[in-house]
Amino acid sequence: MRIAFFLPLTLMIACTPPGQDRPDPRSLSAHVSPRAGCGVPTLAGGEAGIGYAGIPATQSALLGRWVDGVWGDTGACHALTVEQIATDGSVTATFATGASAVAPPTARRVTGHVDAEGVLELELPDGSRAIYALDGAILRGAHFRNEVMRPVALTRG
């Protein structure tokens, strides 16, 4: 009985309803800029991005490869490839980070959701999350892990 109660409570805490109490990645990362030439590993596939008929322009604009991001606290480069967006807003993406003093380079296929306003939220395998939104030609984002927020800005690659 405890497990049945605990699981729904955990899901309620982990899931943020669209538009409610979610920070805006554009304002969180307004002070950072992409850094040209920042290379990271990637996974095969999804480079062009696949959208489905009927997805709004605010969502389809996210499709493809985003590069030259830098996590300020570690100096590690970051790239994101939004591979697929379905009509329900579900997303498949590759989240990649270059080597840093604390971790080797990684590239992981992840899933998430993009809302009608074009705010993309990804759940990462380590339990952390990342959010992104377009700000003109810049994809601004933030990564949240252990109550620490790291901003990032990327350009189309």
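Please read these numbers as outputs of a predicted model, since none were measured by experiment.

**Q** Tell me about the overall build of the protein, and name the residues and values.
**A** When helices and strands are counted, the protein shows three helices and nine strands. Expressed as a percentage of the 157 residues in the protein, the buried residues total 40%. Partitioning the intrachain contacts of the protein with sequence separation of at least 6 by distance along the chain shows that 51% fall at a separation of at least 24. About 8,300 Å² of surface is accessible on the protein, with carbon and sulfur atoms providing 61% of the total.

**Q** Help me get a handle on the side chain of Gln59, residues and values and all.
**A** With respect to the helices and strands, Gln59 occurs in helix α3 (residues 57-60). Once residues within four sequence positions are removed from consideration, Gln59 is found in contact with Ile85, Gly89, Val114, Asp115 and Ala116.

**Q** Kindly report on the pairing of strand β3 (residues 77-85), identifying the contributing residues and their values.
**A** Among the nine residues of β3, eight are classified as buried, and the element is accordingly described as predominantly covered. Two successive antiparallel strands, strand β2 (residues 64-70) and β3, enclose a turn made up of six residues, where Gly75 displays a positive phi of approximately 75°. Bridge analysis of β3 against strand β4 (residues 90-97) gives seven bridges, and the strand direction is antiparallel. When the sheet's bridge partners are listed, Gln84 is paired in β4 with Thr92. The turn linking β3 back onto β4 is made up of four residues, and Gly89 within it adopts a positive phi angle of 90°.

**Q** Let's hear about the packing of aromatic side chains: which residues, and what values?
**A** When we look at a pair of aromatic rings, we describe it by the centre distance and by the angle of the planes. On inspection of all chains with the given rule, the structure shows one aromatic pair. For Arg129, the ring lying beneath its charged end belongs to Phe144, and the centroid distance is 4.7 Å. The ring of Trp71 has Arg150 sitting right over it, with the charged end atom 4.5 Å from the ring centre.

**Q** So what's going on with the pattern of salt bridges? Which residues, and what values?
**A** Throughout the structure, instances matching the rule amount to five salt bridges. For Asp24, the salt bridge identified is with Arg26, shortest N-O distance 3.1 Å. Since its relative accessible area comes to 31%, Asp24 is described here as partly exposed. In this structure, Arg145 and Asp126 form a salt bridge, with 3.5 Å as the shortest nitrogen-oxygen distance. Remark: Asp126 occurs in the loop between β6 (120-123) and β7 (129-135) and Arg145 occurs in strand β8 (residues 138-145); sequence separation between them is 19 residues. The exposure class of Arg145 is partly exposed, given its relative accessible area of 44%.

**Q** Hey, could you go over the environment of Ala61 for me, with residue numbers and the actual values?
**A** Inspection of the secondary structure puts Ala61 in the loop between α3 and β2. Among the residues examined, Ala61 registers a relative accessible area of 30% and is labelled partly exposed. Distance from Ala61 to Val82, taken between C-alpha atoms, is 9.9 Å for residues 21 residues apart in sequence.

**Q** Before we move on, could you go through the confidence of the model for the protein and cite the residues and values that matter?
**A** Looking at the protein, pLDDT values average 81 and 80% of them are 70 or higher. The element-level mean pLDDT for the protein is lowest in helix α1 (residues 2-14), coming to 32, with β6 highest at 97. Ignoring residues within four places in sequence, the model shows residues 1-20, a span with pLDDT below 50, making three contacts including any to other chains.

**Q** Give me the side chain of Ser29: which residues, what numbers.
**A** For Ser29, the position within the fold is in the loop between α2 (25-28) and β1 (50-51). Apart from residues no more than four positions distant in its own chain, Ser29 is found in contact with Arg140, Gly141, Pro151 and Val152.

**Q** Please provide a residue-by-residue account of the environment of Ser29, values included.
**A** For Ser29, a relative accessible area of 0% corresponds to the buried category. For Ser29 and Pro151, which are 122 residues apart along the polypeptide, the C-alpha to C-alpha distance reads 4.7 Å.

Thresholds, definitions, all that
- Residues numbered from 1 in each chain as written.
- Predicted model: local features only at pLDDT ≥ 70, side-chain atom pairs only at ≥ 80, totals over all residues.
- Heavy atoms only, no water.
- Helix = DSSP H or I, 4+ residues; strand = E, 2+ residues; numbered from the N terminus.
- Buried < 20%, exposed > 50% of the residue type's maximum accessible area, 1.4 Å probe, protein only.
- Contact = heavy atoms within 4.5 Å.
- Areas by Shrake-Rupley, 256 points an atom, 1.4 Å probe, with all protein chains shown as cover.
- Pairing = 2+ DSSP bridges.
- Phe/Tyr/Trp six-rings, centres within 6.5 Å; stacked < 30°, edge-to-face > 60°.
- Lys NZ or Arg CZ within 6 Å of the ring centre and 35° of its normal.
- Salt bridge = Lys/Arg side-chain N within 4 Å of Asp/Glu carboxyl O.
- pLDDT = per-residue confidence, 0-100.

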